[in-house]
Amino acid sequence: MLEVGRQRSLQLPASHQAAFSFLEANAERLPSSVADNSLDLYTVSFGIRNFTDIPAALREAHRVLKPGGVFACMEFSKVGNPLLNAAYKQWSFSAIPLIGQLVAADRDSYQYLVESIERFPSQDEFRDMIKDAGFDVAGCGYENLTGGVAAIHKGIKPLK
């Protein structure tokens, strides 16, 4: 994914490219080259549920963000409507692993995908984890997408 991001950044004007840097690192313990209060934005999309220690990663995000910096995370979440939730779970646990088997010859990875989604905290629980790491949140702290199949969470590092 980093390489895709690098390649896409090359399509931007040179003045925008200078603002980007790419780093492969453990999000739970970033290297010292990522200084405290040095980043404006920290994003994660469909990956934080796979972190070993999510609270540690959130604390690291808080450490490296400048005051006023934004943590934004899009992740699979919990569907609020009971009927939609039942249909979504039935589809997820039966169709997604089958699709993985047919398309990628890898049922196990796609089974893990739906299980990791199921284990991930609810929107409110994850919002509280973000707050516990020191972030402020506006409103309810997240925006549900497709009835809660996914959600965008935002935290802002206080100005002090």
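Above this text you will find the structure in question.
These numbers come from a predicted model, not from an experiment. (Residues numbered from 1 in each chain as written. Predicted model: local features only at pLDDT ≥ 70, side-chain atom pairs only at ≥ 80, totals over all residues. Heavy atoms only, no water.)

On to the overall build of the protein chain. When you go through the protein chain residue by residue, the secondary structure sums to six helices and four strands. The secondary structure elements of the protein chain, listed N-terminal to C-terminal, are α-α-β-α-β-α-α-α-β-β. Dimensions of the protein chain, computed from C-alpha atoms along their principal axes, come out at roughly 45 × 35 × 30 Å. For the protein chain, the proportion of its 160 residues judged to be buried stands at 32%. For the protein chain, contacts bridging at least 24 residues in sequence account for 65% of all contacts bridging at least 6. Of the roughly 9,800 Å² of accessible surface on the protein chain, a fraction of 57% belongs to carbon and sulfur atoms. Between the centroid of the 16 positive side chains of the protein chain and the centroid of its 18 negative side chains there is a distance of 3 Å. (Helix = DSSP H or I, 4+ residues; strand = E, 2+ residues; numbered from the N terminus. Buried < 20%, exposed > 50% of the residue type's maximum accessible area, 1.4 Å probe, protein only. Contact = heavy atoms within 4.5 Å. Areas by Shrake-Rupley, 256 points an atom, 1.4 Å probe, with all protein chains shown as cover. Lys, Arg positive; Asp, Glu negative; His and termini not counted. Charge placed at Lys NZ, Arg CZ, Asp CG, Glu CD.)

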